[in-house]
Amino acid sequence: MQGGVAPFVVGLVVMLLLQSVRLGGLAVVAAFATAVYFVAGFTFSPLTATRKIILLGFAAPVIGIAVDFGFKGTRAGALMLAIFAGAAALWTFWPVLMQREMAQVWLFGGVAAVAVAFMVGFGQMFLADHAVRAGAAGLGAGLGTGIAAILAASATYGLYGIALGAGSGAFLLVQMLRGKPGTAGTTFTLPVMLIPGLVAAGAMILAQLPWYSVLVLALIPVGALLPVPARARVWQQAILLSLYTFVVAGIACYLAWHS
Amino acid sequence: MSTKLVIALAAAALPLSVSAAPDNYTIDPYHSYVHFEVDHIGGLSRMRGRFDKTAGKFVLDQAAKTGSLEVTVQTSSVTTGDNDKGSRPRSRDEHLRAPDFFNVAEFPTMTFKSTKIVFKGDNPGSIEGDVTLLGVTKPVTLNIERWRCMPHPQSKRDMCGGNATGVVKRSDFGMKFGIPSVGDELALFIEIEGYKD
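Residues numbered from 1 in each chain as written. Chains lettered and ligands numbered in written order. Predicted model: local features only at pLDDT ≥ 70, side-chain atom pairs only at ≥ 80, totals over all residues. Heavy atoms only, no water.

Remarks on the interface of chain B and chain A
The test is simple: Residue contacts are defined here by distance: any two heavy atoms, one from each residue, within 4.5 Å place the two residues in contact. We define buried area as the total accessible area lost by two parts upon association, computed with a 1.4 Å probe and summed across both. One side-chain nitrogen of Lys or Arg within 4 Å of one carboxyl oxygen of Asp or Glu is enough to make a salt bridge. Under this definition, polar contacts are N or O atom pairs within 3.5 Å; protein pairs additionally need one hydrogen-donor-capable and one acceptor-capable atom, and for neighbouring residues in sequence, both atoms have to be side-chain atoms. What counts as a helix is a DSSP run of H or I of at least four residues, what counts as a strand is a run of E of at least two, and both are numbered from the N terminus.
Of the residues lining the interface, 21 residues belong to chain B; the matching set on chain A comes to 25 residues. Considering only the side of chain B, the residues that lose the most area to chain A are B:Arg90, B:Ala105 and B:Glu106, jointly responsible for 35% of the buried surface there. Taken together, chain B and chain A are joined by 0 salt bridges. The tally of links between chain B and chain A comes to 10 residue pairs in polar contact (both at pLDDT 80 or more). Among the elements that take part in the side of chain B that touches chain A, helix 2 (residues 92–97) of chain B stands out by supplying 3 residues, more than any other.

Right, dumping it as structure tokens:
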């Protein structure tokens, strides 16, 4: 309910209401906010790593809207967003990392920054203009991260991840029912790549998700770029692309289970 | 009054003034533990656990009936007896260390610092103070159920010890996961023994 049904319903409503003004991508943040409301509430003091993830998650669509309506998407822009995301990951976990040994600081800090930067950069560069692929990437990244986090002993992060998957599912479902792709843009791809990346990094640093599982989770959006039959309908594309991402997510979860 | 008499009176009074000074004690980590109890599955049973690593110190001034207590608990030492994951992805103790509960990677310690010790007769009866957990500080009163000071039977070193209990709401500290299935009220049971420095 907290991580699945309620976020899905809220995401669906937002997608239906805002898709006509190219803001249907806000469905994923609405779903995430719903889970935060039920699981932890909107408290930001003291500013823990988890609360930083939530803050960044809420800031992401604001940046996304500014990018979508104020700038033309470029490779340089995608690179800048990736660097911002990597820096955000380090800012989020730095106080925790500083309590660790230097080898762990390099390993966990490096994996967190690289994974989050890669997901955001890849999403912006290759998925922002393809709403069905972006939705499938979000569905796989959300559910994969959520299940992996639960296997790593953090149900809270699990619910956040599953909520992101639910929001992406709502975003995808409306496109499937309409039979034509919607608009993703940075408004959708930035939060739907940034938040699962941070949640996965958090499950690694604060719980017990192995670092190599985080790297596999970061590859989920690549699965959404695999080819689909040219004449496939939107719902067929959505299902096929989602299955691709589920395979990658499944590998990450398998590694988390057996760590 | 001659100088010799003054010195003699001062020398006679010296042991009294020394014994009335506050005494400092260091908590014995091998005989001092913080235990807790919490409702499980909406009160189906009361689950118990403890923190294996506790350190701290206390000061007692029996004459002035004042004192202080500082306890630091290593949250990563939490145990409920379920630390082998077996065929499950993780054990309960691993889950307790995760961000859902004690978030030990980010907040490795839980502290208690007294603000006032209330004496009941010659011994402390309750301790008012602040618990800091997950970066949040809240007041709590610990009731002392027993307290005794005596020389250790073998080493003859002066020591004091006793038991205290208290209750906190974990949601006050931002630990909201699982409520109400896992209870909000956390009953604390503290056993302390300390050697005089």
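Looking at the side chain of A:Thr189
Residues and elements named next belong to chain A. To keep it simple, the criterion reads: Between buried and exposed lies partly exposed: a residue is buried under 20% and exposed over 50% of the maximum accessible area for its type, with that area taken using a 1.4 Å probe on protein chains only.
Inspection of the secondary structure puts Thr-189 in helix 8 (residues 185–205). Residue classification places Thr-189 among the buried residues on the basis of a relative accessible area of 2%. If sequence neighbours within four positions are ignored, Thr-189 has contacts with Gly-123, Gln-124, Leu-127, Ala-128 and Ala-134.

Examining the packing of aromatic side chains
Each aromatic ring pair is summarised here by two numbers: the centre-to-centre distance and the angle between the ring planes. Residues and elements named next belong to chain B. Formally: Aromatic rings from Phe, Tyr and Trp, taking only the six-membered ring of Trp, are treated as a pair when their centres fall within 6.5 Å; an angle between ring planes under 30 degrees marks them as stacked, one over 60 as edge-to-face, and anything in between as tilted. Only when the NZ atom of a Lys or the CZ atom of an Arg is both within 6 Å of the ring centre and within 35 degrees of the ring normal do we say a charge sits over the ring.
Under the definition given, this model contains 15 aromatic pairs over all chains. Look at Phe-36 and Phe-51: their rings are 5.5 Å apart centre to centre, the planes differ by 45°, and that puts the pair in the tilted class. Pair noted here: Phe-36 is in strand 2 (residues 33–40) and Phe-51 is in strand 3 (residues 45–51), with a separation of 15 residues, a long-range link. Using a relative accessible area of 4% as the deciding quantity, one classes Phe-36 as buried. Arranged with centres 6.2 Å apart and planes meeting at 55°, the rings of Phe-36 and Phe-102 form a pair that is tilted. Taken together, the residues span a long stretch of sequence, with Phe-36 in strand 2 and Phe-102 in the loop between helix 2 and strand 7 (109–120) at a distance of 66 residues. You can call Phe-102 buried: its relative accessible area is 3%. Its guanidinium or amino end placed over the ring of Tyr-33, Arg-50 lies 3.9 Å from that ring's centre, counting from NZ or CZ.

As for the pairing of strand 11 (residues 185–196) of chain B
In summary, the side chains of a regular strand alternate between the two faces of the sheet. All names here are of chain B. Going by this rule: Any two strands with at least two DSSP bridges between them are considered paired.
Sheet topology note: the strand 1 (residues 23–27)/strand 11 ladder contains 3 bridges and is antiparallel. When the bridges of strand 11 are listed, Thr-26 appears paired with Tyr-195. Where strand 2 meets strand 11, 5 bridges bridge the pair, whose relative direction is antiparallel. The partner of His-35 across the bridge, within strand 11, is Phe-189. Note that strand 10 (residues 158–169) and strand 11 share 11 bridges and pair antiparallel. Bridging from a neighbouring strand, Gly-162 pairs with Ile-192 of strand 11.

Some words on the nonpolar core
Our working definition: Within this scheme, the nonpolar core is defined by two criteria: the residues are buried Ala, Val, Leu, Ile, Met, Phe, Trp, Tyr or Cys, and they are joined through side-chain atoms within 4.5 Å.
Counting residues in each nonpolar core, the largest one holds 79 residues, and the members touching the most others are A:Tyr160, A:Leu194, A:Ile205 and A:Leu209. Contacts of A:Leu194, omitting those with residues within four sequence positions, involve A:Leu56, A:Ala60, A:Ala85, A:Val116 and A:Val120.

Let's talk about the pairing of strand 1 of chain B
All names here are of chain B. The alternating pattern of strand 1 places Asp-23, Tyr-25 and Ile-27 on a buried face, while none of Asn-24 and Thr-26, on the opposite face, is buried. Bridging between strand 1 and strand 4 (residues 54–61) involves 4 bridges; their strand directions are antiparallel. Residue pairing for strand 4: Thr-26 is matched across the bridge by Lys-57.

A closer look at the pattern of salt bridges
Opposite charge on two side chains permits pairing when their charged atoms draw close. All names here are of chain B. By the definition in use, this model includes 8 salt bridges over all chains. Between Lys-65 and Asp-122 there is a salt bridge, with its nearest N and O atoms 3.3 Å apart. Of this pair, Lys-65 sits in the loop between strand 4 and strand 5 (66–74) while Asp-122 sits in the loop between strand 7 and strand 8 (123–133), and the two are 57 residues apart along the sequence. The exposure class assigned to Lys-65 is partly exposed, which follows from its relative accessible area of 35%. The network of salt bridges with common partners includes Glu-37, Asp-39, Arg-46 and Arg-48.

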